[in-house]
Amino acid sequence: MKSELHVTGASLPMPPSTSMRSGKVSGASLIASATPEARREFLASLSREELRGLPYMFDFWALPHQVPPEGTWKTWVVMGGRGAGKTRAGAEWVRAQVEGAKPGDPGIARRVALIGETYDQARDVMVFGESGILACTPEDRRPKWIAERRKLVWPNGAEAKVFSAHDYEALRGPQFDAAWVDELAKWGKAEEAWDMLQFALRLGDNPQQVVTTTPRDVPVLKRILGYGTTVVTQAATQENRANLAASFLEEVEAQFGGTQLGRQELEGVLVEELEGALWTKAGLAAAGDMEAHVPDRIVVAVDPPVSSKTTSDACGIIVAGVKYGPSRRDWRAVVLEDASLQGATPVAWATRVVEMYHKHGADRIVAEVNQGGDLVEEMVRQVDGTLSYQAVHARRGKAVRAEPVAALYEQHRVAHAKGLGDLEAEMLLMLRSGYAGRGSPDRMDALVWALTDLMLRRDATGKPQIRTLGS
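Within each chain, residue numbers correspond to sequence positions counted from 1 in written order. Whole-chain, interface and lining totals are the exception, using all residues; otherwise, since this is a predicted model, local features are given only for residues with pLDDT of at least 70 and side-chain atom pairs are given and counted only at 80 or more. Values reported for side chains reflect all heavy atoms of the structure, with hydrogen atoms and water molecules removed beforehand.

### A word on the overall build of the protein
Inference 1: Looking only at helices and strands, the protein features 17 helices and 18 strands.
Inference 2: Within the span of the protein, comprising 471 residues, buried residues form 49% of the whole.
Inference 3: Of the contacts made within the protein by residues no fewer than 6 positions apart, 69% connect residues no fewer than 24 positions apart.
Inference 4: Only carbon and sulfur atoms are counted for the fraction: they give 50% of the accessible area of the protein, which is about 22,700 Å². Strands here are runs of E lasting at least two residues and helices are runs of H or I lasting at least four, both read from the DSSP assignment and numbered beginning at the N terminus. Exposure is judged per residue with a 1.4 Å probe applied to protein chains only, and the accessible area is read against the type maximum: over 50% gives exposed, under 20% gives buried, and values in between give partly exposed. Residues count as neighbours in contact if any of their non-hydrogen atoms are within 4.5 Å of one another. Per-residue accessibility takes into account occlusion by the displayed protein chains alone, with areas from the Shrake-Rupley method and a 1.4 Å probe.

See below:
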């Protein structure tokens, strides 16, 4: 049975959705995907007043991550990439709290705190910004800005006062029944300001707060996310592409797509740095900034999966090369591509391996055979029987094998090409005590086999030989 969107008596059929987290799509999305005839019919069914009010019906326009989650919660965290629509979500939530059915009717909340990193940022973004409260509110409900008191006053008497996180002591004394906190993860005094707000959020039956932020690995955000009363919605920059300049998306994707910074700033992913990790964000950022020389030797390393189910581990496929120098200390490696596949059949991943071999002009395929035995070689040779192949066996644990490779990064001897965000995410979760992520770090395993073969097992003549880093 198809569900329908009802707006003042008009309706559009809603197709099944496979992308929306909430299982729902917005009315705007339905209209955009409908036929021109259906769009005209829908708009023609609205009165002049309804057409005037449509731009302010956020339920009609909202993306799934901009809709407050159902259920009982104290804190709603909207984590998203740059331009993902976080500010609009915060402004519309404030509207929903303070507005009643009619302009003069009371809403759920009457005393709201608006907190930015500074007064100017809070005023310019949360109040006067293009997605701020004033821009989102229809004229008959629009609050008045009282600059000398740094607050908004609605026609129904509700108030929202602006605060600076730097001046967090100003939160000592006032009390609120709702709060909107913007870009918490970049506040210099985040811990102090957040804690002070919690003491002030004490009015009403169920005081709530919304945090809109691009994620960063900071203690206060991780603490909030760990509370049982916190709910989270998350979105990448691309999810709001209809409201963003195409040139902006092209530029930022070209510069930051597939990088750790891109995962944070574009995908809205909280990239954590764990105690005891073999790799750090700073180290990987340095690897991405290093000059990559044309390699003298290239390998394609493979960490095969046990099965080909969609829920199985990925087939790790990493292409890397080495530039030789006068001495081993002068050797420099570069990770060229992550071609890993999830849920692929043996034929599919073997074909990908051979494609990478020829694409990069590789000298050898290096494959772990603990799980697959002779299967790996058989599969790749079925695709191309002329390639060079080397089987390797894992006789030590992942962390032990990875430590010498991590040391190469500490010595600034490995550069990263762009587009390695998924690989780098696994590397950051590799601890000396083992892997801290879910499943198996197949991309990282393949990386370790590649760099071990290139940098730790061979001399410049290409003869197999175990070497130490200092030799």
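### A closer look at helix α17 (residues 442-456)
Given 3.6 residues to a turn, an α-helix orients residues that are three or four positions apart in the same direction.
Inference 1: Expected span of a helix, by definition, is 1.5 Å for each gap between consecutive residues, and there is one gap fewer than residues. With 15 residues, α17 extends 20 Å between its outermost C-alpha atoms, agreeing within 8% with the 21 Å of an ideal straight helix rising 1.5 Å per residue.
Inference 2: By the criterion of burial, α17 is predominantly enclosed, with 15 of the 15 residues buried.

### Description of the pattern of salt bridges
Inference 1: A carboxyl oxygen of Asp or Glu within 4 Å of a side-chain nitrogen of Lys or Arg is what we treat as a salt bridge. Under the criterion given, the structure shown has 24 salt bridges.
Inference 2: Of the charged contacts, one joins Lys323 and Asp296 as a salt bridge, the two residues approaching to 3.6 Å between their closest N and O atoms. Taken together, the residues Lys323 in strand β12 (residues 316-323) and Asp296 in the loop between α12 (281-289) and β11 (297-303) connect sequence positions 27 residues apart.
Inference 3: Look at Lys323 and you get partly exposed, because its relative accessible area is 32%.
Inference 4: Judged by relative accessible area, which is 41%, Asp296 ranks as partly exposed.

### Quick notes on unusual backbone geometry
Inference 1: Located in the positive-phi region is Arg150, a residue other than glycine, with phi close to 55°.
Inference 2: Structurally, Arg150 can be placed in the loop between β5 (144-146) and β6 (151-153).

### Notes on the packing of aromatic side chains
Inference 1: Pairing of aromatic side chains here covers Phe, Tyr and the six-membered ring of Trp, requires ring centres within 6.5 Å, and sorts the geometry by plane angle: under 30 degrees stacked, over 60 edge-to-face, intermediate tilted. Tallying each qualifying case throughout the model produces five aromatic pairs.
Inference 2: The interplanar angle of 90° and the centroid separation of 5.8 Å between the aromatic rings of Trp279 and Tyr409 together place this pair among those described as edge-to-face. One end of the pair, Trp279, is in the loop between α11 (260-265) and α12; the other, Tyr409, is in helix α15 (residues 398-410), and 130 residues separate them in sequence.
Inference 3: For Trp279, a relative accessible area of 2% translates into the label buried.
Inference 4: An angle of 65° between the planes, with centres 4.8 Å apart, marks the rings of Tyr324 and Trp331 as edge-to-face.
Inference 5: A ring is scored as having a charge over it whenever the NZ atom of a lysine or the CZ atom of an arginine sits within 6 Å of its centre and within 35 degrees of its normal. Here the basic side chain of Arg150 rests over the ring of Tyr119, its NZ or CZ set 3.6 Å away from the ring centre.

### What to know about the confidence of the model for the protein
Inference 1: Each residue carries a pLDDT value, the predictor's own confidence for that position, ranging from 0 to 100. Per-residue confidence for the protein averages 84 on the pLDDT scale, and 88% of its residues sit at or above 70.
Inference 2: Taken as a whole, residues 1-23 scores under 50 in pLDDT and shows 39 contacts with residues more than four places along the chain or in a different chain.
Inference 3: Counted against residues more than four places away or in other chains, residues 459-471, with its pLDDT under 50, gives 27 contacts.

### Thoughts on the side chain of Thr233
Inference 1: Mapped onto the elements of the fold, Thr233 is located in strand β10 (residues 230-235).
Inference 2: Contacts described as polar in this section are N or O atom pairs within 3.5 Å, which, within protein, must combine one atom able to donate a hydrogen with one able to accept it, while residues neighboring in sequence count only if both atoms come from side chains. At 3.1 Å, the side chain of Thr233 forms a polar contact with the side chain of Trp76.
Inference 3: Ignoring any residue separated from it by four or fewer positions in sequence, one finds Thr233 in contact with His65, Val67, Pro69, Trp76, Val77, Val78 and Met79.

### What about the side chain of Asp177?
Inference 1: Take Asp177: it is sitting in the loop between β7 (159-164) and β8 (178-182).
Inference 2: No salt bridge is formed by the buried Asp177; the nearest opposite charge belongs to Arg110, separated by 6.8 Å.
Inference 3: From its side chain, Asp177 meets the backbone nitrogen of Arg110 in a polar contact 3.0 Å long.
Inference 4: Setting aside residues no more than four positions away along its own chain, Asp177 makes contact with Ile108, Ala109, Arg110, Arg111, Val112, Leu201, Leu203, Gly204, Pro207 and Gln208. The sign given to each residue is positive for Lys and Arg and negative for Asp and Glu; His and the chain ends receive no count.

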